Amino acid sequence: MADVVDLIMADHREVERLFDVLQNEPDKRALTLPELSALFVAHSRAEEAEVYPVARGEAGETDEVAHSQEEHAQAEELLAQLKATDPHDPSFETKLNEFVEAVQHHVDEEESQVLPGLRDRLDDARREELGNAFAASREKHIGEQPGQETKQELLVQARNAGIQGAAGMSKEELAQALKSQ
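Note that this is a predicted model, so its numbers are computed, not measured. (Residues numbered from 1 in each chain as written. Predicted model: local features only at pLDDT ≥ 70, side-chain atom pairs only at ≥ 80, totals over all residues. Heavy atoms only, no water.)

(A) Focus on the pattern of salt bridges. The full count for this structure, using the stated rule, is 16 salt bridges. Ionic pairing is found between R126 and E58, a salt bridge with its closest N-O pair at 2.7 Å. Taken together, the positions of R126 in helix α5 (residues 124–141) and E58 in the loop between α2 (29–57) and α3 (62–83) put the pair 68 residues apart, joining distant regions of the chain. Here E58 falls in the partly exposed class, since its relative accessible area comes to 41%. Two residues, R127 and D124, come together in a salt bridge whose shortest N-O distance is 2.7 Å. One end of the pair is R127 and the other is D124, both in helix α5 and three residues apart, which spans about a single turn. (Salt bridge = Lys/Arg side-chain N within 4 Å of Asp/Glu carboxyl O. Helix = DSSP H or I, 4+ residues; strand = E, 2+ residues; numbered from the N terminus. Buried < 20%, exposed > 50% of the residue type's maximum accessible area, 1.4 Å probe, protein only.)

Structure (structure tokens):
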């Protein structure tokens, strides 16, 4: 299997390719958006479950992980709005641009801060082990939609974001706490 950093960056390049299709080939939006959504949600869930806890605990990337977790929540909310918009509606373009900008910002930060920390502080074998876990988790989450997290997944996200008292919160309270970050 591959290094987790390489897998994450490969997903980033695929998301960028799909953005290009959505922005430049409007006639392909109806088919491309579900593909982008499936990849984005599965990638995010896998990072949150497998990569971010290791980045916090073993690579010392606590602040960066909390920030990345917040960006995932924001991007997922934008994705849900985009999916609820008809691809032929004039507002689709605006919502698409907001989503692209948010995700590109996240990718830029992750690739310049979190991923170098993983590469520098984890040995090859650990990154490969993490790559296997990331790939398995991503596969498990393919097909999930924005806002469909389980309470356990929300607890992981809250831990990643450094939210205090998350264990005692309901699923709705966790979702609200993550949105208000």
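After that view, the rundown keeps rolling.
(B) Molecular detail of the packing of α2 against α5. With their axes 8 Å apart at the nearest point, α2 and α5 run at an angle of 150° to one another. Considering the relative orientation of α2 and α5, their crossing is right-handed. In this structure, α2 contributes A42, H43, R45, A46, E47, A49, E50, V51 and V54 to the contact, and α5 contributes R126, L130, A133, F134, S137, R138 and H141. For the contact of α2 with α5, the residue count by class is eight nonpolar, three polar and five charged. (Axes fitted to C-alpha atoms, helices over the stretch in contact; angles between N-to-C directions. Left-handed = near helix turned anticlockwise from the far one by under 90°. Contact = heavy atoms within 4.5 Å. Nonpolar A, V, L, I, M, F, W, Y, C, P; charged D, E, K, R; others polar.)

(C) Quick peek at the layout of surface pockets. Roughly 260 Å³ of internal volume is contained in the largest pocket. Taken together, 14 residues line the largest pocket, and the ones lying closest to its centre are E76, G147, E149, A175 and K179. No other element matches helix α7 (residues 171–179), which puts five residues into the lining of the largest pocket. Considering only enclosed or pocket space, the second largest pocket measures out at about 150 Å³ in volume. In terms of lining, the second largest pocket is formed by R45, E48, A49, E50, S137, K140, H141, T150, Q152, E153 and V156. (1 Å grid on protein atoms, 1.4 Å probe; cavity = no way out; pocket = protein on both sides within 12 Å on 5 of 7 lines; lining within 4 Å. Points joined across faces, edges and corners; volume = space filled by probe spheres on them.)

(D) Highlighting the nonpolar core. Counting residues in hydrophobic clusters, the biggest one holds 20 residues, and the most contacted among them are F19, L33, L36, F40, F99 and V103. Every element with two or more residues in this core is listed here: α1 (4–24), α2, α3 and α4 (90–121). When residues of this core are assigned to their parent elements, the largest contribution, seven residues, is made by α4. Leave out the neighbours within four places in its chain, and L33 touches L22, L79, L82, K83 and F92. Core analysis: the next-biggest nonpolar cluster, separate from the first, contains 18 residues, Y52, A55, L118 and F134 among them. (Core = buried A, V, L, I, M, F, W, Y, C linked by side-chain atoms within 4.5 Å.)

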